[in-house]
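Next come the chains, spelled out residue by residue.
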Amino acid sequence: MLFRATLFLATGVALAFLALPVIAIFARVPPDELVASLGTEAAKDALVVTAKTNAISMVLILAFGTPAAYWIATRSSRLRDAVVTLVELPLVLPPAVAGIGLLAAFGRLGLLGGTMEAFGIDIAFTQVAVVLAVTFVASPFYVRTAVAAFESIDPTLPSAARTLGAGPARVFGRISLPLAAGGLGAGAALAFARGIGEFGATIMFAGSLQGTTQTLSLAVYEQFDLDFDVALAISAVLVVISGTVLLSVKLLSRWRSGSTTPIPFAPSTPTSR
Amino acid sequence: MRNRLAALLLVLVATVPLAATATAGQQANAPLTIYAAASLTDAFRTFDAGQNYSFAGSNALETQIRNGAPADVFASAAPLNTQRLFRAGLVEKPVTFTANRLALIVPRANPAGIRTIYDLRSKPVKLVVAGPAVPVGGYTITVLRKMGLSSVLGKVVSRESDVRAVTGKIALGQGDAGFVYVTDARAVSDQVTVIRIPAWAQPRVRYEIAVVARSSNRAAARAFINSVLSARGQTALKNAGFLPAPKAAS
């Protein structure tokens, strides 16, 4: 009885602690004012910048991340562990370190800065810099989940297809990709959620200018001491987006039927492998 | 049911001593929490390394104190921020303790070829400034207006959250030019070239310091402020490049 009570109490404290800041964002300003604050130029500009840069990032992440994940998943060498670690690194790096790294690599005085300048490419303080920052921090979420999705495919299925005469490209396109689709979708959703909320690397690498490089998170930071209501309104938008993404990950994992991909943040099912 | 209640009480009782210890920690010799303008970073750390500092844009610090941040002392790069808190009863009466000037800095390599402030108008340049609510951002607007150069604000590529972020972007060569305090320019003097701003165009940069009203250690906070105002404190500030506080209190 005491155990159950303690369990109950601890759960209550944990849930209240996690939910309270989220509730407070919506509770502090009435809904109509929240919507009105979203009409400000700063909020609208930030929404456009975020949508545009994240859309480009997602295209890049899917286009390069999917083949990379497939390659990693179909290797079984020592190299694989090293590659996976490399891919996972941005996942745990402090955002400030990511920002410094991007500056040291792509900054005007960075490793590639001179080369890029020779080609007349100057990305300092442009949306390209925002896209790079978002892609750097968000892509590991996709690649990691995608590797797991490809790995969880029953290996007899691709080999059966091969024995029936399908080439490697056909096996990838007709067997592996459809079977891993649920996991890939979930990975993409997680990468998207991380990308939308990207802050540290962006502010260090791309700077902050309304309408150009100021994303929603950067706008929250700037508005925080200019107009707290606007900061709250933008925060509310970010909460809604993040919540929607998490929910869609759960729905995706229900929708996929055949594959056994372990998906992070999916509802845990008691089925064993 | 009674057991549940007992467990709840147990948890509550268990947390009380913890809270009490936390409060007891705020004794006379405990370090103060000092919220100070980012431009004071080097000067304050050198002057008194024994305190806990939080350096940021004065406007951000003002908002944090307004929202109940546990600061003992607030040192602002503009009277506006301290005076607003004073009027709201959140700090004791602020005093002016030092002054500063602005400068334009460019990276050593000077990719945009900026030699004078007026080059900002004629040459393509990635100009980095602090946001308008940040004291140094406001002072930047004043300088440009006094020099008839307000149009160069159209060349701003980033509005940073404090002066140190501006300094960093220029020292790293990301930006072509940035407006900072002369004291910040000194901190990165090996990476940047300083372009002076004429005295007639300088804004009145006045720093104010005040005891935070909610501080649990106001006596020690006042002692810290007195040490900043003392000859030793003023010498430390002067060595960091700050100017003496203007005599006429305004």
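Remember, predicted model here, so these are calculated numbers, not experimental data. Residue positions within a chain follow its written sequence, with the count starting from 1. For this description, chains carry letters from A and ligands carry numbers from 1, given in the order in which they are written. Two thresholds apply to this predicted model, a pLDDT of at least 70 for residue-level local features and 80 or more for giving and counting side-chain atom pairs, whereas whole-chain, interface and lining totals are computed over all residues. Only hydrogens and water are removed before side-chain values are computed, so all heavy atoms of the structure are retained for them.

As a further point, take the overall build of chain A. Under the DSSP-based scheme used, a helix requires at least four consecutive residues in state H or I and a strand at least two consecutive residues in state E, with every element numbered from the N terminus. Looking only at helices and strands, one finds 12 helices and 0 strands in chain A. The principal-axis extent of the C-alpha atoms belonging to chain A is close to 70 × 65 × 30 Å. Exposure is judged per residue with a 1.4 Å probe applied to protein chains only, and the accessible area is read against the type maximum: over 50% gives exposed, under 20% gives buried, and values in between give partly exposed. A total of 273 residues make up chain A; the buried ones form 40% of that total. Long-range pairs, those at least 24 residues apart, make up 72% of the contacts in chain A between residues at least 6 apart in sequence. When the accessible area of chain A is evaluated, it comes to approximately 14,500 Å², of which 71% is carbon and sulfur surface. In chain A, the 17 positive side-chain charges and the 15 negative ones have mean positions that sit 19 Å from each other. Whether two residues touch is decided by their heavy atoms; if any such pair falls within 4.5 Å, the residues are in contact. Note that accessible areas follow from Shrake-Rupley with a 1.4 Å probe, and for residues the cover is restricted to the protein chains shown. His is not counted, nor are the chain ends, whereas Lys and Arg count as positive and Asp and Glu as negative. Lys charges are placed at NZ, Arg charges at CZ, Asp charges at CG and Glu charges at CD.

Let us look at the sheet that holds strand S6 (residues 127–130) of chain B. Residues and elements named next belong to chain B. For two strands to be treated as a pair, DSSP must find no fewer than two bridges joining them. The strand order S7-S6-S8-S5-S9 describes an open sheet built from 5 strands, whose pairing is mixed. With one partner strand each, in any of the chains shown, strand S7 (156–160) and strand S9 (192–196) form the two edges of the open sheet. Here the average twist between neighbouring strands, direction ignored, is 30 degrees. Looking at chain direction, S6 and S7 are connected through 4 bridges and run parallel. Paired with Val-128 across the bridge in S7 is Ser-158. Sitting on the sheet, helix H6 (residues 135–146) is in contact with strand S5 (102–107), S6 and strand S8 (177–181), with an inclination near 110 degrees to S8. Contacts from helix H7 (residues 163–171) reach S5, S6, S7, S8 and S9 within the one sheet, and its direction differs from that of S8 by about 140 degrees. Inter-axis angles, ranging from 0 to 180 degrees, are taken between N-to-C directions of lines fitted to C-alpha atoms, where helices are fitted over the stretch in contact.

Residue and element names in this part refer to chain B. Only Phe, Tyr and Trp rings are paired, with Trp represented by its six-membered ring, and only when their centres lie within 6.5 Å; those with planes under 30 degrees apart are stacked, over 60 edge-to-face, the remainder tilted. Taken as a whole and assessed by the stated rule, the structure comprises 14 aromatic pairs over all chains. Between Phe-97 and Tyr-207 the ring centres are 6.0 Å apart and the planes differ by 80 degrees, which places this aromatic pair in the edge-to-face class. Of the two residues, Phe-97 is situated in strand S4 (residues 95–100) and Tyr-207 in strand S10 (residues 205–211); the sequence distance between them amounts to 110 residues. Tyr-207 gets classed as buried once you look at its relative accessible area, which sits at 0%. Where Tyr-139 meets Tyr-181, the ring centres are 6.3 Å apart and the plane angle is 65 degrees; that geometry is what we call edge-to-face. Pair noted here: Tyr-139 is in helix H6 and Tyr-181 is in strand S8, with a separation of 42 residues, a long-range link. Accessibility expressed as a relative area gives 1% for Tyr-181, which makes it buried. Members of the aromatic cluster, each reached through a chain of ring pairs, are Phe-44, Phe-47, Tyr-53, Phe-55, Phe-97, Tyr-139, Tyr-181, Tyr-207, Phe-224 and Phe-242.

We now examine helix H5 (residues 95–106) of chain A. Each full turn of the α-helix corresponds to 3.6 residues, which orients residues three or four apart in the same direction. The end-to-end C-alpha distance of H5(A), which contains 12 residues, comes to 16 Å, matching closely the 16 Å that a straight helix rising 1.5 Å per residue would cover. On its buried side, H5(A) packs onto helix H6 (113–118), helix H7 (127–151) and helix H10 (200–205) of chain A. How far a helix is expected to stretch is found by multiplying one less than its residue total by 1.5 Å.

All names here are of chain B. Looking at the secondary structure, you find Pro-135 in helix H6. Along the chain, Pro-135 and Gly-57 lie 78 residues apart, while their C-alpha atoms are 7.4 Å from each other. Those residues in contact with Pro-135 that lie beyond four places of it in its chain are Ser-58, Asn-59, Ala-77, Ala-78, Asn-81 and Tyr-181.

Frequently, the measure chosen for interface size is the accessible area removed from exposure when the parts meet. Contacts between the two partners involve 26 residues from chain A, matched on the other side by 28 residues from chain B. Put simply, buried area is how much 1.4 Å-probe accessible surface two parts lose in total, over both of them, once they are put together. For the pairing of chain A and chain B, the buried interface totals around 2,300 Å² over both sides, and the portion due to carbon and sulfur atoms is 61%. The working definition used for a salt bridge is a side-chain nitrogen of Lys or Arg within 4 Å of a carboxyl oxygen of Asp or Glu. Across the contact surface, chain A and chain B share 2 salt bridges. Residues Lys126(B) and Asp122(A) are paired through a salt bridge, measuring 3.8 Å at the closest nitrogen-oxygen approach.

All right, on to the packing of helix H3 (residues 41–73) of chain A against H7(A) then. Residues and elements named next belong to chain A. Between H3 and H7, the least distance of the axes is 7 Å, while the angle of their chain directions is 35 degrees. Viewed along their axes, H3 and H7 form a crossing whose handedness is right-handed. Split into classes, the residues belonging to the contact of H3 with H7 amount to 18 nonpolar, 8 polar and 2 charged. Take the far helix as your reference; a near helix turned counterclockwise from it by less than a right angle gives a left-handed crossing, and one turned clockwise gives a right-handed crossing. Just so you know the grouping, Ala, Val, Leu, Ile, Met, Phe, Trp, Tyr, Cys and Pro go in nonpolar, Asp, Glu, Lys and Arg go in charged, and all remaining residues, Gly too, go in polar.

Here H3(A) spans 45 Å end to end across 33 residues, near enough to the 48 Å set by a 1.5 Å rise per residue. Consider a residue and the seven residues that end there alongside the seven that start there; fitting an axis to each set, the bend is the angle between those axes. Along H3(A), the sharpest kink reaches roughly 30 degrees, centred on Gly65(A) and followed within four residues by the proline Pro67(A).

Here the focus is empty space enclosed by the protein. To locate leftover empty space, one rolls a probe as large as a water molecule over the atoms. Residues are said to line a cavity or pocket when one of their atoms sits within 4 Å of a point; the points come from a 1 Å grid over protein atoms alone, cavities being sets where a 1.4 Å probe fits but cannot get out and pockets being open sets with protein on both sides within 12 Å along at least five of seven lines. Grid points are joined across faces, edges and corners, and a volume is the space filled by probe spheres set on the points. Under the defined criterion, the tally for this structure stands at 3 cavities of 30 Å³ or more. Volume-wise, the largest cavity comes out at about 80 Å³. Lining the largest cavity, in full, are Phe106(A), Gly107(A), Arg108(A), Gly113(A), Met116(A), Glu117(A), Ile121(A), Asp122(A), Ile123(A), Ala124(A), Phe205(A) and Gln174(B). Per-class residue counts for the lining of the largest cavity are 6 nonpolar, 3 polar and 3 charged. If you add up the space inside the second largest cavity, you get close to 50 Å³. As for the second largest cavity, its lining consists of 13 residues, of which Ala38(B), Ala77(B), Val134(B), Val163(B) and Tyr181(B) are closest to the centre.

To continue, consider the domain arrangement of chain B. Residue and element names in this part refer to chain B. With domains assigned, chain B is organised as domain 1 (31–99 + 205–239) and domain 2 (102–201). Boundaries of every domain are those given by an automatic assignment or by a domain database. If you average the C-alpha positions of domain 1 and of domain 2, the two centres end up 26 Å apart. Facing the 16 residues of domain 1 at the interface are 14 residues of domain 2. Carbon and sulfur atoms make up 54% of the surface buried where domain 1 meets domain 2, a total of about 950 Å² over both sides. Of all residues in domain 1, Ser-39, Asn-59 and Val-205 bury the most surface against domain 2, accounting for 41% of the area lost on that side. Between Asp-42 and Arg-164 there is a salt bridge, with its nearest N and O atoms 3.2 Å apart. Think of a polar contact as two N or O atoms within 3.5 Å of one another; within protein, one of them needs to be a possible hydrogen donor and the other a possible acceptor, and neighboring residues in sequence only count if both atoms come from side chains. Across the contact surface, domain 1 and domain 2 share 3 residue pairs in polar contact (both at pLDDT 80 or more). When contributions to the side of domain 1 that touches domain 2 are tallied by element, the ones reaching two or more residues are helix H2 (41–47), helix H3 (58–66), helix H4 (79–87) and S10. Residue contributions to the side of domain 1 that touches domain 2 peak at 3 residues, all from S10. The residue makeup of the side of domain 1 that touches domain 2, split by class, is 7 nonpolar, 7 polar and 2 charged.

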